[in-house]
Amino acid sequence: MRAVVWLVEGTWPACVDAVRVHAPHAREVVLLHVSGPEVPGVAHGAFAGLMGRGRAWETDPGDRVEALGDGSAAELLDAAAERLGRPCVREERAGRPEREVVAAAEGAGLLVLARDGDRSRLGPHSLGPAARFVVDHAPCPVLLVWPGQAPGLGTIPPPPHHR
């Protein structure tokens, strides 16, 4: 079985721990990080808008932001691989995270991801839009983990009143 683990800043340790516990015999573990195009794109656009186009002597801050993001992703993948403690594949993708994760999960036996929404209560709001998309469209079984202690059952809203 091939297990894909979606690594996101702040929640990745729970995902790595989950694959160690729930898929210890996976033939291959893929540690996946996806960089969205938003932040460098915003910096590029702001620079062009503020400074005008064609000013070759100016340094575009979008290039620096992109380089910093690449370094941060490499550090995250290294830390995750160390925590996993076994051979693995490190994969970095760029694009819309939800689409890239679904594509990376094609042919996998398991996809591991963490809840990324409201962590104070149980329910559908514990998933953000990207995670919801991945859960709804994954082409394989999904293991959805809490990145910390799960809220108690008392956080479930009461049932609706019947008339």
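Since we're looking at a predicted model, the values are computed, not measured.

Now for the packing of helix α4 (residues 97-104) against helix α5 (residues 129-137). The relative placement of two packed helices is expressed as an angle between their axes plus a distance between the axes. Between α4 and α5, whose axes approach to 9 Å, the crossing angle comes to 30°. In this view, α4 runs roughly parallel relative to α5, as classed from their interaxial angle. By crossing handedness, the relation of α4 to α5 is classed as right-handed. Residues Glu98, Arg99, Val101 and Val102 of α4 touch α5, and the partners they reach there are Ala130, Phe133, Val134 and His137. Taken together, the residues of the contact of α4 with α5 sort by class into 5 nonpolar, 1 polar and 2 charged.

This part covers the pattern of salt bridges. Opposite charge on two side chains permits them to pair, given that their charged atoms come into close proximity. Applying the stated criterion across every chain, the model contains 9 salt bridges. Note that Arg2 is salt-bridged to Glu28, the shortest N-O span being 3.4 Å. With Arg2 in strand β1 (residues 2-7) and Glu28 in strand β2 (residues 28-35), this residue pair connects regions lying 26 residues apart in the sequence. Look at Glu28 and you get partly exposed, because its relative accessible area is 25%. Put simply, Arg83 and Asp17 hold a salt bridge, and the shortest N to O gap is 2.7 Å. You can see Arg83 sitting in helix α3 (residues 61-84) and its partner Asp17 sitting in helix α1 (residues 12-22), a full 66 residues away along the chain. Of the residues examined, Arg83 reaches a relative accessible area of 36% and is grouped as partly exposed.

Conventions we followed
Residues numbered from 1 in each chain as written. Predicted model: local features only at pLDDT ≥ 70, side-chain atom pairs only at ≥ 80, totals over all residues. Heavy atoms only, no water. Axes fitted to C-alpha atoms, helices over the stretch in contact; angles between N-to-C directions. Helix = DSSP H or I, 4+ residues; strand = E, 2+ residues; numbered from the N terminus. Parallel < 35°, antiparallel > 145°, perpendicular 65-115°, else oblique. Left-handed = near helix turned anticlockwise from the far one by under 90°. Contact = heavy atoms within 4.5 Å. Nonpolar A, V, L, I, M, F, W, Y, C, P; charged D, E, K, R; others polar. Salt bridge = Lys/Arg side-chain N within 4 Å of Asp/Glu carboxyl O. Buried < 20%, exposed > 50% of the residue type's maximum accessible area, 1.4 Å probe, protein only.

Remember, this is a structural readout, not a statement about activity or role.
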